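Next come the chains, spelled out residue by residue.
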Amino acid sequence: MDENIRFIELLDTLKANGIISDYVQVSKELGTNKASISDIKSGRKKLSIDLLRRMKLSYPQTNIEWVIMGEGDMLLSTSSEIHQTQASGLEERLLAFIQEKDVVIREQAEEIGQLRERITQMQQRFEKDAANANTDTIANVG
């Protein structure tokens, strides 16, 4: 049995255990689409490391070694195995979250710089227009 078949068998077991409702749900959790899962099931597409990583992060009770090598149990049974896996998965998710936020912060900093430049240009234009304003029509008071 190859890893594609074991992966689909794992999904079917998660569904039977009520952890997932269908392939659409799991595909959303894994950041893919149902067609991709169907392609893996039919053998048109090979299971990727990235998809396995996302599977482990989303469903820490899964035994990825079983999916890849067919060794061990499909699902981790002891709470210490799951806890250890969850801890490493949490660290990876936090790191990914921080990296995403860093990208957003850099983009926002760049946008702020561009907005500051536009404000400076508009102030210069306003000052120039104010200096060139026709004062002949202004009434002299006093």
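Before any of the text, the structure's been laid out above.
Residues numbered from 1 in each chain as written. Predicted model: local features only at pLDDT ≥ 70, side-chain atom pairs only at ≥ 80, totals over all residues. Heavy atoms only, no water.

*Asks:* What's the story with the pattern of salt bridges in this structure? I'm lost.
*Replies:* Side chains bearing opposite charge may pair, as long as their charged atoms lie close to each other. Enumeration over the complete set of coordinates arrives at 5 salt bridges. Where K46 meets E3, a salt bridge forms, and the shortest distance between an N and an O atom there is 3.0 Å. One end of the pair, K46, is in the loop between α3 (34-42) and α4 (49-58); the other, E3, is in helix α1 (residues 3-16), with 43 residues separating them in the sequence. In this structure, D39 and R44 form a salt bridge, with 2.7 Å as the shortest nitrogen-oxygen distance. D39 sits in the partly exposed class, given a relative accessible area of 23%. The class for R44 is exposed, based on a relative accessible area of 61%. Connected via shared salt-bridge partners are D2, E3 and K46. (Salt bridge = Lys/Arg side-chain N within 4 Å of Asp/Glu carboxyl O. Helix = DSSP H or I, 4+ residues; strand = E, 2+ residues; numbered from the N terminus. Buried < 20%, exposed > 50% of the residue type's maximum accessible area, 1.4 Å probe, protein only.)

*Asks:* Help me understand the packing of α1 against α3 in this model?
*Replies:* The description of two helices packed together rests on the angle between their axes and the distance between the axes. Viewed as axis vectors pointing N to C, α1 and α3 meet at an angle of 125°, and their least axial separation amounts to 8 Å. Here α3 runs oblique to α1, going by the angle between their axes. Each of N4, F7, I8 and L11 in α1 lies in contact with α3, whose residues at this interface are I37, I40 and K41. Tallied by class, residues from the contact of α1 with α3 come to 5 nonpolar, 1 polar and 1 charged. (Axes fitted to C-alpha atoms, helices over the stretch in contact; angles between N-to-C directions. Parallel < 35°, antiparallel > 145°, perpendicular 65-115°, else oblique. Contact = heavy atoms within 4.5 Å. Nonpolar A, V, L, I, M, F, W, Y, C, P; charged D, E, K, R; others polar.)

*Asks:* Got a minute to help me understand α3 in this structure?
*Replies:* An α-helical turn contains 3.6 residues, so a residue and the one three or four places further along point in the same direction. All of the buried residues in α3 are S36, I37 and I40. Axial view of α3: buried residues confined to an arc of 100°, hence all on one face. Packing partners of the buried residues in α3 comprise α1, α2 (23-29) and α4. Looking one or two residues past α3, G43 carries a phi angle of roughly 90°, positive in sign. (Arc of directions from axis to C-beta.)

*Asks:* Which parts of the structure should I look at to understand the side chain of T62?
*Replies:* Looking at the secondary structure, you find T62 in the loop between α4 and α5 (64-69). T62 sits in the buried class, given a relative accessible area of 0%. Excluding residues that lie within four positions of it along the chain, T62 makes contacts with L10, L14, M55, K56, M74, L75 and L76.

*Asks:* Would you mind going over the nonpolar core with me for this structure?
*Replies:* As a rule of thumb, nonpolar side chains are buried together in soluble globular proteins. Judged by nonpolar contacts, the single largest core of 20 residues is most densely connected at F7, L11 and M55. Every element with two or more residues in this core is listed here: α1, α2, α3, α4 and α5. Counting residues per element, this core draws most heavily on α1, which supplies 5 residues. Not counting residues within four places of it along the chain, the set of residues in contact with L11 comprises I20, Y23, V26, I37 and M55. (Core = buried A, V, L, I, M, F, W, Y, C linked by side-chain atoms within 4.5 Å.)

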